[in-house]
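# Structure assessment
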Amino acid sequence: MSLLFEKQGYQDDCVDSIIEALGTSENLTTFSPLRQSLQKIQAKNNIPLGIRTTSDDRRLDIVMETGTGKTFTYLKAMFELNAHYHVNHFLIFVPRLAIREGILQNIALTSSYFAQMYGGRRITSHCYSGAGDVGEAARFLYGRGKDLSVLILTSQSIAAKNKATRVLHRVQEHERYGRKSLLENIAQRNPVIIIDEPHLLKGDVFKETYDKHFSRALCLRFGATFPNTSTSQDSRHALSNVVYCLDSLSAFRQYLVKQIHVSNVAGTGHAISFMEKGANKNEVKIAYEREGNAHRATLSYGEDIGVKTGDKNYDGVWIVRVAKDKVHFSDGRDPIPLRSHYELSDEEIRVMVRDAIERHFEKEKTLFAQHIKALSLFFIPRIDDFRGQEPRIKRIFEEEYKKQQKDIVRGLTADDHAYGAYLKRDYDEQGTLKVHEGYFSGDKGTKGSSQEAKEASICDIILRDKVRLLSLQEPLRFVFSVWALQEGWDNPNIFTLCKIAPTSKDTSRRQQVGRGLRLAVNNKGQRITHAYCREDDNAFYDINRLDVIVSNQERGFIDDIQREIQDNSYVLGGETLDHATLKQNYALNEMQARETINLLLKHGAITPAEDGSCYRITASLTACMDQHKQEFQAFLKERYDTLYKDFKNAKDARHEPAIGSSNKDDVKVPIRHNKAQELKDLWHAITREARIVYENIKDEDIINSVRDDFANETIDPVYIHVKTKRYDHMQDKIIPEDTKTLGIRDFWQVGGYERFLYRFAEKEKLPLPFVCRLFHALPKDKIKNHPSRAYTMLKQLVQKAIHRHIINSVNSVNYKFDSTTRITGEDPLYDKDGTPKEHIKAGLLGRCPSSESSSPSHNLESSPPPYLYDKIYYDSDIEHKTITETPPDKKQYELVVFGKLPRINIPTPYKHYNPDFAYLIKKKAHDKNHDKNPDTTLFFIVETKGYDKMADLKDEETMKIKYGRKFFHALNEHIKKEHDNVEVRFCERLPKDKLIDMLQSLYQEEAKT
């Protein structure tokens, strides 16, 4: 296989912003004129207010979340810098060898792709290993031709105090080097500096050397993490001159990374870890498990350990002393060393490994059918646990894997022959298991002994040969490491991450899970994006899901990682708000933050959290700011609009599917069998296979709409100032010349414009004749000013025009239905024979369980209640209110059954749409003569929104609802042909609405029409 590289709009926007910020070639060496252009770019790119700082530092900062293609983006930026400014030399500084290997791998994988884009130009990469060999550094200096010469250095490799790397600082006597050091020669080439993960490049030695040689060079810093601007003591590390920001929350919201699910696995044993000496010299701090819960305590010498912990293995045993960091016991058993972290018992490790293998097999067969290889990553405490004389974790893994694999193979059918053949490759001819290997710190890939040769081969596969590791021909699927695989290494097909090693206080949980956040790829190298899944959330997350398994000692892992994601994001997110967030993200002073909180509290938009640490956001957040706009503007001033928009986006994304719990003991909700029987007809009706039919689409209306919208857009030209000097022999002096050329070269050369049209038609899946007529109506010079920005803008305008035309024209879109079901995969409510299932996964209904005091909606005459499920799970306040409200009086409307809908993915021309609730209601006839006017069965579909008015909805939500209304109108027309007394109706619901009022209003409107 080979990896395919598709055009990603956000990566192009990032690179375009860099070029636009630089503008003229003189800005490669001086930044003083850039403040104004930076401020314009920051406003255009919606850079959060808290990081809209500018400085005269010769650098641009780019925030890009782990797994979104950061390396690919800066490689593309290098080619653009070469095309615009003829820069040929680039220096990349990295903090770790794994990051360096990842860059080399990316350069190799993208070589042909970029060569095709940039006229055959390629990157010639050089690495200085720090072993005293200056050959690579010298070859970087004297690179020739049109190719880009790139030198990759670790921060340690330029440390003058490091004996192994001192050669870079030594004056070279050879005349070729001008009797200067290699670093001085490198600096004279005026390379553009790329710093990867700048938060890890710290230290006085690196700063000293960097400032001495490269302080005047243009520096581009790309990182998922930057030091907090309010706490950073060194301005070198704080964010400034930010031209692009794709932070953690933004990446999740834009479907650019996998969804994270966390499982806490608890063993049944009572393992005890003796952590450290206590405050008093005759005390020891311990950690232990009891009845599935983790505990910490302090033991005094002479205290019965069994009584304290419940561990029968220690009944009648006490500590007698601690010597040489080992705990000695009263019964003379072997001393146990003090450990700074909790040590899992073999039993706990076995439970976690078993669970990880189960989850791997659960996914693998399904993914294999879609030509996607599943990989799993294990973080373990010590190398000896995998490579030692008695590698306990390796032994446990092999025992559990062989047992489960045997059961899987035994259960395969004739239809599974391909997957069966795949599993047969798990063993070599000698019967040795080949599915697991490890990469550890110190594995350098050098070949000496046979063991070293084996480690070198493994190192190459795991660290360097991503394509081979992704191949279904390679049996290796389980990778073990001791934190060696951190920043710089990831693999798109890591679907399960088992964290047997404890998390130290200095280790980021977000960086740990980042090893598996990248979107999956299939065996053709295609990335499984949201667009690839036809914007079907279910299909996307069925594949792009990372299961993280942690021990019961890390029960707070979900909260911790959620907090890290929010803390490392600059857009507002989550369900809470506090002073620190307002001050950091929006550059508010103490008074402004306090006044904002006080006003929101006063009007009920936020409520204090139980522990007093923050405030919980309520449904009326943006309505409050809208209603009391003048009060807020009085002290927020120009920040009001940004804060209002961010609050609105945060409220829309409060329950975004980024991180969830997948603990196996709390995910099933009982389905009420009799209610499910009554709901069956409604369920089959709304899940019928439907095909969109477009009718009466007028191309000219769309073209005219795009032309008019494009005329109102501004696309400033990108210019390059080229400063040259010539010698005038008549005047005997050097005369400077300044030429100004358009920054986008080659566009108007032969075939350039035609290629632009073909690419637009192909990528946006539009008929080429339509695209040609469209571009004929557009001003060419505006496109010429900045083709990539024009491309992005026109893509959005065309989509907008098409949707606007369809929405406003009743007869533009229709549906054709058949009797088959639309549900792909397993039906969440019914078995194949139509029998209702016993349970449904709680995650399909919501992530918030209701309190014990709340029960599903019912009245005194309704037994059992009409709610479909036996427990309440919900995602918002209005959903909870909907489920628990009293149903309408039976005199006019009898509520037979209703339920929160699992995702049913209604197709629309925009995106798949998923309404919230479905009701089956008996609408009583007004005429008592039932033969002439029988009761009507009403299928009532409701979309709930936690806003005070529908106008507050985001455009995206409004669009989906409008298409949903068209779908249910078409479904109603279709069902009327089959059943005279069945109606389908659709309605939106706000917090102020009651079900009875919605029904009456619905039929009153119909009566008028």
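Think of each chain on its own: its residues are numbered from 1, step by step along the sequence as written. Totals for whole chains, interfaces and linings use all residues, but because this is a predicted model, local features are given only for residues with pLDDT of at least 70 and pairs of side-chain atoms are given and counted only at 80 or more. Each side-chain value is worked out from all heavy atoms of the structure, with water and hydrogens disregarded.

Another point: the overall build of the protein. Numbered from the N terminus, helices here are DSSP runs of H or I no shorter than four residues, and strands are runs of E no shorter than two. Counting secondary structure elements, the protein contains 32 helices and 35 strands. Contacts: residue pairs with any heavy atoms within 4.5 Å of one another. Taking the intrachain contacts of the protein between residues at least 6 apart in sequence as the baseline, contacts between residues at least 24 apart amount to 71%. To be clear on the numbers: accessible area is Shrake-Rupley with a 1.4 Å probe, and residue cover counts the displayed protein chains and nothing else. Working note: accessible area of the protein is about 47000 Å², and carbon and sulfur atoms make up 47% of it.

The next thing to look at is helix 27 (residues 768–776). Exposure is judged per residue with a 1.4 Å probe applied to protein chains only, and the accessible area is read against the type maximum: over 50% gives exposed, under 20% gives buried, and values in between give partly exposed. Among the residues of helix 27, Phe770, Val771, Leu774 and Phe775 are the ones counted as buried. Around the axis of helix 27, the buried residues are gathered within 125° of arc, so they sit on the same side. Opposite the packed face of helix 27, turned more than 90 degrees from it, sit the exposed residues Pro769 and His776. Relevant arc is that of directions from the helix axis to the C-beta atoms, nothing else.

Quick look at the sheet that holds strand 14 (residues 336–337) now. What makes two strands pair is DSSP finding at least two bridges between them. The sheet built from 3 strands is open, its strands ordered 12-13-14 with antiparallel pairing. Looking at which strands have only one partner, the edges of the open sheet turn out to be strand 12 (319–323) and strand 14. When strand 13 (residues 326–329) meets strand 14, the two strands line up antiparallel, connected through 2 bridges. By the bridge assignment for strand 14, Lys326 is matched with Pro337.

For the rest of this paragraph, the subject is the packing of aromatic side chains. Given two aromatic rings, their pairing is described by the distance between the two centres and the angle made by the two planes. Stacked, tilted and edge-to-face pairs are distinguished by plane angle, under 30 degrees for stacked and over 60 for edge-to-face with tilted covering the rest, among Phe, Tyr and Trp rings (Trp via its six-membered ring) whose centres lie within 6.5 Å. Counted under the stated rule, the structure contains 45 aromatic pairs. Ring centres of Tyr113 and Phe114 lie 5.4 Å apart, and the angle between their planes is 70°; on these two criteria the pair is classed as edge-to-face. An aromatic cluster of three or more residues is present, and its members are Phe361, Phe378, Phe386, Phe397, Tyr401, Phe440, Phe478 and Phe480. Only when the NZ of Lys or the CZ of Arg is both within 6 Å of the ring centre and within 35 degrees of the ring normal is a charge said to sit over the ring. One residue, Arg333, lies across the ring of Tyr314, its end atom 4.5 Å from the ring centre. Above the ring of Phe329, the side-chain terminus of Arg333 is found at 5.9 Å from the ring centroid.

Joining through side-chain atoms within 4.5 Å is the link that ties buried Ala, Val, Leu, Ile, Met, Phe, Trp, Tyr and Cys residues into a set, and such a set is a nonpolar core. Ile18, Met78, Ile92, Leu220, Phe222, Val243 and Val548 are the most contacted members of the largest nonpolar core, which totals 80 residues. Aside from chain neighbours lying at most four places away, what touches Ile18 is Leu60, Ile62, Ala77, Leu220, Phe222 and Val243. One finds Ala690, Leu845, Leu953 and Phe986 within the second-largest nonpolar core, a separate group that totals 60 residues.

Turning to the sheet that holds strand 33 (residues 917–923), a few remarks are in order. Across the sheet, 4 strands lie side by side as 32-33-34-35; this open sheet has mixed pairing. Edge positions in the sheet fall to strand 32 (893–900) and strand 35 (982–989), since each has one partner strand and no second. Along the sheet, successive strands turn relative to each other by an average axial angle of 20°, direction set aside. In the sheet, strand 32 pairs with strand 33 via 7 bridges, with the strands oriented antiparallel. Its bridge partner lying in strand 33, Leu895 is registered against Ile921. Lines fitted to C-alpha atoms define the axes here, with helix axes fitted over just the stretch in contact, and angles between the N-to-C directions of these axes take values from 0 to 180 degrees. Packed onto the sheet, helix 31 (residues 955–978) meets strand 34 (936–944) and strand 35 and runs at close to 170° relative to strand 35.

Next up on the list: the packing of helix 1 (residues 9–22) against helix 29 (residues 787–808). Two elements in contact, helix 1 and helix 29, have axes whose closest approach is 10 Å; the angle formed by their N-to-C orientations is 140°. Viewed along their axes, helix 1 and helix 29 adopt a mutual orientation that is oblique. The way helix 1 lies across helix 29 gives a crossing that is left-handed. For the pair formed by helix 1 and helix 29, the contact residues are Asp13, Asp16, Ser17 and Glu20 on the first element and Ser788, Arg789 and Thr792 on the second. Gly counts as polar in this scheme, as do all residues outside two lists: the nonpolar Ala, Val, Leu, Ile, Met, Phe, Trp, Tyr, Cys and Pro, and the charged Asp, Glu, Lys and Arg. Among the residues making up the contact of helix 1 with helix 29, the classes are represented as no nonpolar, 3 polar and 4 charged. Angle categories are assigned with fixed cut-offs, so that under 35 degrees is roughly parallel, over 145 is roughly antiparallel, 65 to 115 is roughly perpendicular, and the rest are oblique. Definitions for this section: a left-handed crossing has its near helix turned counterclockwise from the far helix by less than a right angle. A right-handed crossing has that turn clockwise.

To continue, consider helix 12 (residues 392–410). One fewer than the residue count of a helix, multiplied by 1.5 Å, yields its expected span. The first and last C-alpha atoms of helix 12 sit 27 Å apart over 19 residues, in line with the 27 Å expected at 1.5 Å per residue. Tucked inside the fold, the buried residues of helix 12 contact helix 10 (346–369), strand 15 (375–379), helix 11 (384–387), helix 13 (417–424), strand 16 (436–438) and strand 17 (478–481).

Moving on: the packing of helix 19 (residues 579–586) against helix 20 (residues 590–602). Contact pair helix 19 / helix 20: the axes reach a minimum separation of 9 Å and the direction vectors enclose 125°. Taken together, the axis directions place helix 19 and helix 20 in an arrangement best described as oblique. Crossing angle aside, the handedness with which helix 19 passes helix 20 is right-handed. Contact with helix 19, carried on its side by His579, Leu582 and Lys583, involves Glu590, Ala593, Arg594, Thr596 and Ile597 of helix 20 and no other residues of that element. Here the residues of the contact of helix 19 with helix 20 are counted per class, giving 3 nonpolar, 2 polar and 3 charged.

So, about the side chain of Gln11. Of note, Gln11 is situated in helix 1. Once residues within four sequence positions are removed from consideration, Gln11 is found in contact with Thr68, Gly69, Phe72 and Thr73.

This part covers the environment of Leu778. By the element assignment, Leu778 lies in the loop between helix 27 and helix 28 (780–785). A C-alpha to C-alpha distance of 7.8 Å links Leu778 and Phe710, two positions 68 residues apart in sequence. Sequence-distant contacts of Leu778, defined by excluding residues within four places in its chain, comprise Arg707, Phe710 and Leu794.

Here we take up the pairing of strand 33. Where burial is concerned, most of strand 33 is hidden: 6 out of the 7 residues are buried. In this sheet, strand 34 lies alongside strand 33 in antiparallel orientation, the contact comprising 7 bridges. In the sheet register, Ile921 faces strand 34, and the bridge partner there is Leu938.

By the element assignment, Lys784 lies in helix 28. For Lys784, a relative accessible area of 28% gives the class partly exposed. Along the backbone, Lys784 and Pro717 are 67 residues apart, and their C-alpha atoms lie at a distance of 7.8 Å.

Next up on the list: unusual backbone geometry. Of note in the backbone geometry, Lys324 takes a positive phi value of approximately 50° without being a glycine. Position of Lys324 relative to the elements: it lies in the loop between strand 12 and strand 13. With a phi close to 60°, Asp325 is a non-glycine residue in the positive phi region. Note on placement: Asp325 falls in the loop between strand 12 and strand 13.

This part takes up the confidence of the model for the protein. Predictor confidence is given residue by residue as pLDDT, running from a minimum of 0 to a maximum of 100. Chain-level pLDDT for the protein is 80 on average; 81% of the residues reach the 70-or-more range. Low pLDDT, under 50, characterises residues 229–233; the predicted model gives this stretch 5 contacts beyond four residues in sequence or across chains. In the model, residues 858–862 has pLDDT below 50 throughout and makes 6 contacts with residues more than four positions away in sequence or in other chains.

This brings us to the environment of Thr68. Position of Thr68 among the secondary structure elements: in the loop between strand 1 (59–64) and helix 3 (70–85). On a C-alpha basis, the gap between Thr68 and Asp247 in space is 9.9 Å, while along the polypeptide they are 179 residues apart. Ignoring anything within four residues of it in the chain, the contact list for Thr68 reads Tyr10, Gln11, Leu246, Ala251, Leu256, Val257 and Arg518.

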